[in-house]
Amino acid sequence: MKKSLTLGMAVLLVLAWYVTVSSWLGNGVKYENCLAEAKRLEEKELYLDAITQYEEAMKLKSATLELELLVAEDYRAMGDSKGYTNKLNSIISTYGPDERAVNLLCDYYKENYSKERLMRFLVSLHEKYPNDELVAGYYDTVKGMYREKYMSVQDIGVYHGKYAVYMQNGKKGLMNTDGDIVVEAVYDDIAYNGNNDDRITVKDKDRCYFVNKKGYKVQEPEESYEYLGVLSQKRVAAKKAGKYGYLNENMKEQIAFSYDGATAFKEETAAVKQGEKWALINRKGELKTEFIYDDIAINSLGACSVGGVVWVKQGKEWRLINGEGENVGTEVYDDVCAFETDGYSAVCKYERWGFVDQQGNLVIECTYQDAKSFANGFAPVKQGGLWGYIDTENYLAVSCDFEDARQMNSKMTAPVCHQGNWTLMELQAFH
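The model shown is predicted, which means the values in this text are computed figures rather than measured ones. Every residue gets a number counted from 1 within its own chain, in the order that chain's sequence is written. Selection of residues for local features in this predicted model requires a pLDDT of at least 70, selection of side-chain atom pairs for listing and counting requires 80 or more, and totals for whole chains, interfaces and linings are taken over all residues. To obtain the side-chain values, all non-hydrogen atoms of the structure were included, while hydrogens and water were left out.

Draft legend 1. Looking closely at the overall build of the chain. Where helices and strands are cited, they refer to DSSP runs of H or I of at least four residues and of E of at least two residues respectively, numbered from the N terminus. In terms of helices and strands, the chain carries seven helices and 30 strands. Here the radius of gyration uses the C-alpha set of atoms, whereas the globule reference equals 2.2 Å times the residue count to the power 0.38. For the chain, whose C-alpha radius of gyration is 33 Å, the value lies well above the compact-globule estimate of 22 Å for 431 residues. Across its three principal directions, the C-alpha atoms of the chain cover 120 × 50 × 45 Å. Looking at the 431 residues of the chain, the share that counts as buried comes to 46%. Long-range pairs, those at least 24 residues apart, make up 35% of the contacts in the chain between residues at least 6 apart in sequence. Throughout, the Shrake-Rupley method with a 1.4 Å probe supplies accessible areas, and for residues the shown protein chains are the sole cover considered. When the accessible area of the chain is evaluated, it comes to approximately 22,000 Å², of which 48% is carbon and sulfur surface. Lys and Arg are tallied as positive, Asp and Glu as negative. Neither His nor the chain termini are counted. We put the charge of a Lys on NZ, of an Arg on CZ, of an Asp on CG and of a Glu on CD. For the chain, the distance from the average position of its 51 positive side-chain charges to the average position of its 65 negative side-chain charges is 4 Å. Think of it in three bands: with a 1.4 Å probe and only protein chains considered, a residue is buried below 20% of the maximum accessible area for its type, exposed above 50%, and partly exposed in between. Throughout, a contact is declared for two residues whenever any of their heavy atoms are within 4.5 Å.

The following block contains the structure:
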């Protein structure tokens, strides 16, 4: 009985094996037949039918990258642009950034679509596969792509917050990051630091006062001032009868008008000038250093202190100090640009420019013809007589195409000069 049972089970196992092998061999034959038929149909330019044969083959065996690529090529051969690009995108989604699929898709976008379409694809791919070498290489080719907005004015200053001061016909106003006019260019001067859109300092002939972002006057000092700076840390630098001092937010005199120059306050620190020398003061007007500096570097906000450090000049040398006048680092430079933000500051040595951090360390060697300090991860640099932009890795992100250039704002828009006129350059990879 046991022998009969064992023999029966053996027969069943053999039969099962035979059926499986026969099925596998049969599927293998069908698979090869599908591939052969697909090739025959391709020769006749019957690409849609060929795709059907490839899809049948992939049902018989697991789909492979090779077959998926053949299907993509058939879509292209029959002129189905959407089918071709969708298939390649599907391959990348399934198999990762395969070199052949990525190359094919990039080439197709270059040949048949706008640069913006290629850029959007590569930015999206880089976000998904930031550590892939192939993707990184392609991304480097487009991350500096930009477009200039259709506009032209006499000058555009550095953006602070939403707006920048612009000049047209010798008068100043405000524009937003899209290049739209916010305050018409009707003033002799405007001081704006992005902190308060309803307290924008303007000068109209011999009158200095505040307007809001619609250009309506909102406050005017009781006395007449030759100069009125931005309101920062409840202090406004002002000039009266040829001397500088400070007002508080209510336009009352807070620090005596006894100086020959004055910067805006930032980080409880400002610089004031007496005769030919500069010193640092606090918000009470008390000296933090003596009047021993020949010059102070001032940024586009009108301030000298960023990150607790200040560039000062003694003799022919610029050095970095903290708010108490103590040296930061040991290096000295021939020229500098004040820190704009927490990024790097541009410095010059032997007529070449590089960058230092707020600890005084040289982080980018002095190799450029000219440079301006970093803001929002990019810095304007000059090479071959023209300006472009580098990132913090010293990668030339935007080629040197411009006669002049100013810092990027947080929207990756920057004022640039072309053929004597200023316009806005928008870094496409960040939009």
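Right, picking up where we left off after that structure.
Draft legend 2. Local environment of the pairing of strand 16 (residues 277-281). For strand 16, the tally of buried residues reaches four of five residues, placing the bulk of the element in the interior. Pairing between strands requires that DSSP locate at least two bridges from one strand to the other. Bridge count between strand 15 (residues 270-274) and strand 16: five bridges; the pairing is antiparallel. Considered in strand 16, the bridge of A270 is made with I281. In textbook terms, the turn of a hairpin is the stretch between consecutive antiparallel strands, and for strand 15 and strand 16 this stretch comprises two residues, one of which, G275, has a positive phi near 70°.

Draft legend 3. Quick look at the sheet that holds strand 1 (residues 146-148). Strand order in the open sheet formed by four strands is 1-30-29-28, and the pairing between neighbours is antiparallel. Every interior strand has two partners, whereas the edge strands, strand 1 and strand 28 (404-405), have only one. Relative to strand 30 (residues 421-427), strand 29 (residues 413-418) is paired through six bridges, and the arrangement is antiparallel. The partner of A414 across the bridge, within strand 30, is M425.

Draft legend 4. How the structure looks around helix 4 (residues 81-95). The first and last C-alpha atoms of helix 4 sit 21 Å apart over 15 residues, in line with the 21 Å expected at 1.5 Å per residue. Residues of helix 4 that are buried: G83, Y84, T85, K87, L88, I91 and I92. Buried-residue contacts for helix 4 involve helix 3 (65-77), helix 5 (99-112) and helix 6 (115-128). Positive phi shows up at G96, right after helix 4, with a value of about 85°. By this rule the span expected of a helix is its residue count minus one, scaled by 1.5 Å.

Draft legend 5. Layout of the environment of T341. Mapped onto the elements of the fold, T341 is located in the loop between strand 20 (335-336) and strand 21 (345-349). A sequence separation of 33 residues divides T341 from F374, and the C-alpha atoms of the two residues are 7.2 Å apart. With near-sequence residues (within four places) excluded, T341 lies in contact with V306, Q358, F374, A375 and N376.

Draft legend 6. Highlighting the sheet that holds strand 16. The strand order 14-15-16 describes an open sheet built from three strands, whose pairing is antiparallel. The strands lining the two open edges of the sheet, one partner per strand, are strand 14 (261-262) and strand 16.

Draft legend 7. Up close: the packing of aromatic side chains. Think of it this way: a Phe, Tyr or Trp ring, Trp meaning its six-membered ring, pairs with another when their centres are within 6.5 Å, and the plane angle makes it stacked under 30 degrees, edge-to-face over 60, tilted otherwise. Scanning the model with the defined rule gives 13 aromatic pairs in all. Residues Y84 and Y108 carry aromatic rings whose centres are separated by 4.9 Å and whose planes lie at 70° to one another, so their mutual orientation is edge-to-face. You can see Y84 sitting in helix 4 and its partner Y108 sitting in helix 5, a full 24 residues away along the chain. With a relative accessible area of 0%, Y84 lands in the buried category. Y108 gets classed as buried once you look at its relative accessible area, which sits at 9%. Through pairs of rings, three or more aromatic residues link up here, namely Y84, Y108, Y109, Y113 and F121.

Draft legend 8. Molecular detail of the pairing of strand 13 (residues 253-259). Where strand 12 (residues 243-248) meets strand 13, three bridges bridge the pair, whose relative direction is antiparallel. The residue of strand 13 that forms the bridge with Y244 is Y259. Linking strand 12 back to strand 13 in an antiparallel pair, the connection comprises four residues, with M251 at a positive phi of about 65°.

Draft legend 9. Here's a closer look at the pattern of salt bridges. By definition, a salt bridge exists where a carboxyl oxygen of Asp or Glu is found within 4 Å of a side-chain nitrogen of Lys or Arg. Applying the stated criterion to the full structure yields 23 salt bridges. One salt bridge in this structure joins R207 and E220, with 3.6 Å as the shortest N-O distance. Here R207 is found in strand 8 (residues 207-211), whereas its partner E220 is found in the loop between strand 9 (217-219) and strand 10 (227-232), with 13 residues between them in sequence. Between K243 and D260 there is a salt bridge; the shortest N-O distance is 2.7 Å. Placement of the pair is K243 in strand 12 and D260 in the loop between strand 13 and strand 14, with a sequence separation of 17 residues. Residue K243 is classed as partly exposed on the basis of its relative accessible area of 30%. Connected through salt bridges with shared partners, the residues E66, D98 and R100 form a single ionic network.

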